[in-house]
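# Fold and contact review
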Amino acid sequence: MDRVVNELPSRVSSSSTSSVETQAQLEQPASSGRAGRLWLWPLLHLLLMIVVVVSGLTGLRIAMLEYEWLLLLSPFLPQGNVVVWHFLSGGLLTLVVSVYLGCLCFSRQWLKAAPSSSPPTTRRVIQRVGRWCVLLSMLSGVALLGNASGAFVAHWVHTLHFIFAGAVLFYAMVHVSDYTLTGGRRIWLWTVTSAFKRPVIGGLVLFCFAGVSLLVFRGVYWSYPELRVHRIPLESPVRVDGMANEPEWAEASSVSLITFGGENFSWGAQSVLANGTTRVTTKAMHNGEEAFFFIQWQDPTQSLLHLPLLKTEKGWEVQQRGFHRFHEQHYYEDKFAVLLDERCKLAAGGTAHLGPQPLKDKPSNWHGRGYHYVQPDVQSGKQSDMHLGSEGENKGPIVDMWHWKAVRTNHMMLADDNYFGPPDQARPGARRYTAGYGTDGKDSGAYVMNWQWYRPDIIVPKRLPVREDALSQQQLAEFQYRYQQRIQGLQPAVSQESEPWMVNWFSYVPYDQDDDHYPIGTVLPSVLYRSNQFEGDRADVRAHGIWKDGVWSLELSRRLETGSSTDIALQDGVCMWVAAFDQSQIGHTRHATPLRLRFP
Amino acid sequence: MFRAYFNAPRRRRRAVVLMSLICTIVVGAILLQPSNPLPLESRYQKWSLEGEPLANWSGPWACVEDQTTGLLWEVKTDAENIRHGDWTYSWYSNTASRGIPNQGDCYFERDRCDTEDLIRRANKERWCGLDGWRLPSSKELMSLLNFSVKPGRPKITVEFFPHTQKANYWTADFNARLTGVYAQFTVGAMALSFGDGRQSALPYQSAEFVRLVNSNQPK
């Protein structure tokens, strides 16, 4: 491509700095002998311009999930389902580069636009570097679709993709500035019009490019890795305990995914380049009634300190560094999410909509990262209410989400059964708009946070430990010890079953200022279990996880069909996404393509 | 090299245009940074237990004024105090000499609870700086119904009315004829369910939830 581009300045500027001469050259018809081939390289150049703009802008928006300093560019970047546009433009880029390389190999004459002349050395060097950056950003992007490599390699590829893509954008700016300074407005006109000197052929070729790009895009859909759901007899008992020690698990095949882009997942100085990345290994079984999943992922730290309360001179304070913006990355539990999507769309089942305000008529988010929601079908009804029936039940498409939380649900032996639906209406009393995210309905049971009303400075706890209760006091002492260990960066090495990260509602009594004699520096857990479990739809997913030697092992189980309007039936062809959270509220890892469940 | 490059006046002019464009983008990026979300207008106004108005995103609050009806509503808690949302009450009116006392469950009375107990305590403690607390009529309570809620939630604006149960709440309407399995009790009081938004007549001794209302507003 850049060979072609090299020749553009030779027509416009290299031969002369006189604008009169430049204009004369631009208007000069190509030599009749080569006229039939002159349409190709301007066309490729035009396509490359489009691809660089679309890929660059959408890529920057995606990169903001990891590089927060890029938020400075947020006002100029597209919002919404940018991941799909990134994939589409990536497909087109692959095609443009392939055609260019094919011409280079088989017939360089197709890339000639004008009598060749040598551009200045500096410009030639820059263009060569730019050409390689385009190629490498494309190759690293394609490599990100694969899941076979290790976490270290995956992170390298991921980082290199960002670097090369950034270099392409920088190159594009230099290139555009250089040529604009040299050729002015005419160079832009020439770039567009020369691609359509033969409009019929040009249009036909563009149509072919678009069609093949869509095929490449569709090819990604067909290439999803598959997870075989092993059939077991109905009478075989499976205990959901995170151990997976039933003999049937040994017969189930596993699939590994490299997930990247998460907060934390810090692997220390030796593997610092794998930070934010973790390998997730999944097995699945079913007995005709229920499905079972065994998922393991690497996590160097077991994070169970969830928004603790610290007694200060002013009062009780929630320990947080981002919770006020709903983006806590320090005092937060580990989590894991499974998404189930029967439409198998890219970008987390088509739910990932990036940017501070992807829905113009809805509130913006506090962290600038985006929302999860299913794009509503605008053919019927008002968008905001269309997923609600007259009884408040879900009537629209949803993506099912199982949200396991190491403190808030693990001791309930449950994952929080949630969903992503069409965007909710804005609700005046809610400080946080959650778009399509919702929890399934419940009849009773809950965990609650131990503050009467959240404030970033001082809160009033709902409850305090019973002073006369030896068990509560012992648990409190244990919690102080664990907190100090955590603050010092030490990893506790005791069984998590005995750890005091959450407390039973009835172990504490309602807060009374007159009874609050706890000394300054006392730390309280903030998660209160009001009951042993949820009851109702929200309790459909049984789950339990165990952390050992840098690996979380999680077992999940749910009926194949729950009958709930906010659940997806588990059946052949359903797609599954996974996301790991290391001590992070929303900064989860992600992967490019989902697993497709295959039931025998 | 650069001096030679920019020697041509036309290039100098274009360079100025380009630099201006870049500067505009940088300044624009700084000025157009997304702002934090702001609270939306609402028909409801929060009031503190002491009778102070609160902004939409502030709390804790004890009462909510419905600006469309002019009524002030009690807000439930999970603090195991008198306003705890899990307490239930039998329907009983001392002034009307109707109902059955002390058939509900709560912690704040020595005996079990009825609607008269809650009204007496609310007026004595002057919630939100007011007395005049009472049971709402069916029509008044129905004005709180909201069917545009998320799936599985109570049919009420839970952002302003937390700890609402998907169950029956007593109204002030009594002497309602009972039917079906309750026919043996002859008459009872009307209740409204925030689970499905339906009204039903229930025996006075039923242990149901209560949300009190006040026709006055805090000063």
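Nothing here was measured: the structure is a model prediction, and the numbers come from that model.

### A closer look at the sheet that holds strand β1 (residues 44–47) of chain B
Residue and element names in this part refer to chain B.
- The strand order across the open sheet built from five strands is β2-β1-β3-β4-β11, with neighbouring strands paired in antiparallel fashion. Every other strand in the sheet has two partners, leaving β2 (53–54) and β11 (213–214) as the edge strands with one partner each.
- Pairing of strand β4 (residues 71–74) with β11, which is carried by two bridges, proceeds in the antiparallel orientation. Each bridged residue has a counterpart across the sheet, and for Trp-73 the counterpart in β11 is Val-213.

### Here's the deal with the sheet that holds strand β17 (residues 523–524) of chain A
Residues and elements named next belong to chain A.
- If you trace the three strands from one edge of the open sheet to the other, you get β6-β5-β17, paired in antiparallel fashion. Of all strands in the sheet, those with a lone pairing partner are β6 (316–318) and β17, marking the two edges.
- Of the pairings in the sheet, the one linking strand β5 (residues 309–311) to β17 comprises two bridges and is antiparallel in character. Within β17, the position partnered with Leu-310 by the bridge is Val-523.

### What to know about the pattern of salt bridges
Residues and elements named next belong to chain B.
- Within the structure shown, the criterion is met by 32 salt bridges over all chains.
- The salt bridge involving Asp-117 is made with Arg-120; its shortest N-O contact spans 3.1 Å. Here the residue Asp-117 and the residue Arg-120 both occupy positions in helix α3 (residues 115–125), the gap between them amounting to three residues, near one helical turn.
- Ionic pairing is found between Asp-131 and Arg-126, a salt bridge with its closest N-O pair at 3.4 Å.
- A residue is classified by how much of its surface remains accessible, and Asp-131, at 39% relative accessible area, is partly exposed.
- According to the relative accessible area criterion, Arg-126 is partly exposed, its value standing at 40%.
- A network of salt bridges, in which partner residues are shared, links Glu-109, Asp-117, Arg-120, Arg-121 and Glu-125.

### Quick look at the nonpolar core
- Grouped together as the largest cluster of nonpolar side chains are 72 residues, with contacts concentrated most on A:Phe293, A:Trp297, A:Phe336, A:Leu556, A:Met576 and A:Leu597.
- If we skip the residues at most four places from it in the chain, A:Leu556 touches A:Val240, A:Ala291, A:Phe292, A:Phe293, A:Ile295, A:Val338, A:Trp402, A:Ala415, A:Val541, A:Arg542 and A:Ala543.
- Of all hydrophobic cores here, the second largest spans 26 residues; its members include B:Leu135, B:Ala189, B:Ala191 and B:Val210.

### Concerning the packing of helix α4 (residues 82–106) of chain A against helix α8 (residues 199–222) of chain A
Residues and elements named next belong to chain A.
- Contact pair α4 / α8: the axes reach a minimum separation of 8 Å and the direction vectors enclose 120°. Relative to α8, the element α4 lies oblique. In this structure, the crossing between α4 and α8 has a hand that is right-handed. From α4, Val-84, Phe-87, Leu-88, Gly-91, Leu-92, Leu-95, Val-96 and Val-99 reach across to α8, where they touch Phe-209, Val-212, Ser-213, Leu-214, Val-216, Phe-217 and Val-220.

### With respect to helix α7 (residues 185–193) of chain A
Residues and elements named next belong to chain A.
- When α7 is considered as a whole, its buried residues turn out to be Ile-187, Trp-190 and Thr-191. The buried residues of α7 occupy an angular sector of 100° when projected down its axis, which confines them to one face. Exposed and facing more than 90 degrees away from the buried side of α7 are Arg-185 and Leu-189.

### Digging into the confidence of the model for chain A
Residue and element names in this part refer to chain A.
- Here chain A shows a mean pLDDT of 84. Residues at 70 or above account for 84%.
- The low-confidence segment residues 1–36, where pLDDT is below 50, has 75 contacts with residues more than four positions distant or belonging to other chains.
- Confidence drops under a pLDDT of 50 for residues 379–392, and excluding neighbours within four residues, the segment shows 37 contacts in the predicted structure.

### As for a nonpolar patch on the surface
- On the surface, a cluster of nonpolar side chains totalling about 970 Å² of accessible area is made up of A:Phe76, B:Met19, B:Leu21, B:Ile22, B:Ile25, B:Val26, B:Val27, B:Ile30, B:Leu31 and B:Leu32.
- Tracing the backbone through its elements, the reader meets B:Leu32 in the loop between α2 (9–31) and β1.

### What to know about unusual backbone geometry
- A cis amide bond links B:Gly59 with the next residue in sequence, B:Pro60, at an omega value of -5°.
- Its identity is not glycine, yet A:Phe265 carries a phi of approximately 45°, on the positive side.
- For B:Asn175, which is not glycine, the phi dihedral falls at a positive 60°.
- Take B:Asn175: it is sitting in the loop between β7 (168–170) and β8 (176–177).
- Overall, the relative accessible area of 38% leaves B:Asn175 in the partly exposed class.

About the cut-offs
Here the residue index of a chain counts from 1 through its sequence in written order. Whichever chain is written first becomes A and whichever ligand is written first becomes 1, with later ones labelled in order. Local features are withheld for residues below a pLDDT of 70 in this predicted model, meaning they are given only at 70 or higher, and side-chain atom pairs are given and counted only at 80 or more; totals for whole chains, interfaces and linings count all residues. Note that the side-chain values use all heavy atoms of the structure and ignore hydrogens as well as water. Strands pair, by our definition, only if DSSP identifies at least two bridges between them. What counts as a helix is a DSSP run of H or I of at least four residues, what counts as a strand is a run of E of at least two, and both are numbered from the N terminus. In what follows, salt bridge is the name for a side-chain nitrogen of Lys or Arg lying within 4 Å of a carboxyl oxygen of Asp or Glu. Categorising residues by exposure relies on relative accessible area from a 1.4 Å probe, with only protein chains included: less than 20% of the type maximum marks a residue as buried, more than 50% marks it as exposed, and the intermediate range marks it as partly exposed. In plain words, nonpolar cores are sets of buried Ala, Val, Leu, Ile, Met, Phe, Trp, Tyr and Cys residues tied together by side-chain atoms within 4.5 Å. Two residues qualify as a contact provided that any one of their heavy atoms is within 4.5 Å of a heavy atom in the partner residue. Helix axes are fitted to C-alpha atoms over the stretch in contact, other axes to C-alpha atoms as well, and angles between N-to-C directions run from 0 to 180 degrees. Oblique is the label for any angle not covered by the other classes, which are roughly parallel (under 35 degrees), roughly antiparallel (over 145) and roughly perpendicular (65 to 115). Take the far helix as your reference; a near helix turned counterclockwise from it by less than a right angle gives a left-handed crossing, and one turned clockwise gives a right-handed crossing. The reported arc concerns the directions from the helix axis to the C-beta atoms and nothing else. One confidence number per residue, pLDDT, is output by the predictor and ranges from 0 to 100. Grouping into patches uses exposed residues only, defined as over 30% relative accessible area, and leaves out salt-bridged ones; the cut-off is 9 Å for like charges and 5 Å for nonpolar side chains (Val, Leu, Ile, Met, Phe, Trp, Tyr). With residues, only the protein chains shown are counted as cover, and all accessible areas are computed by Shrake-Rupley using a 1.4 Å probe.

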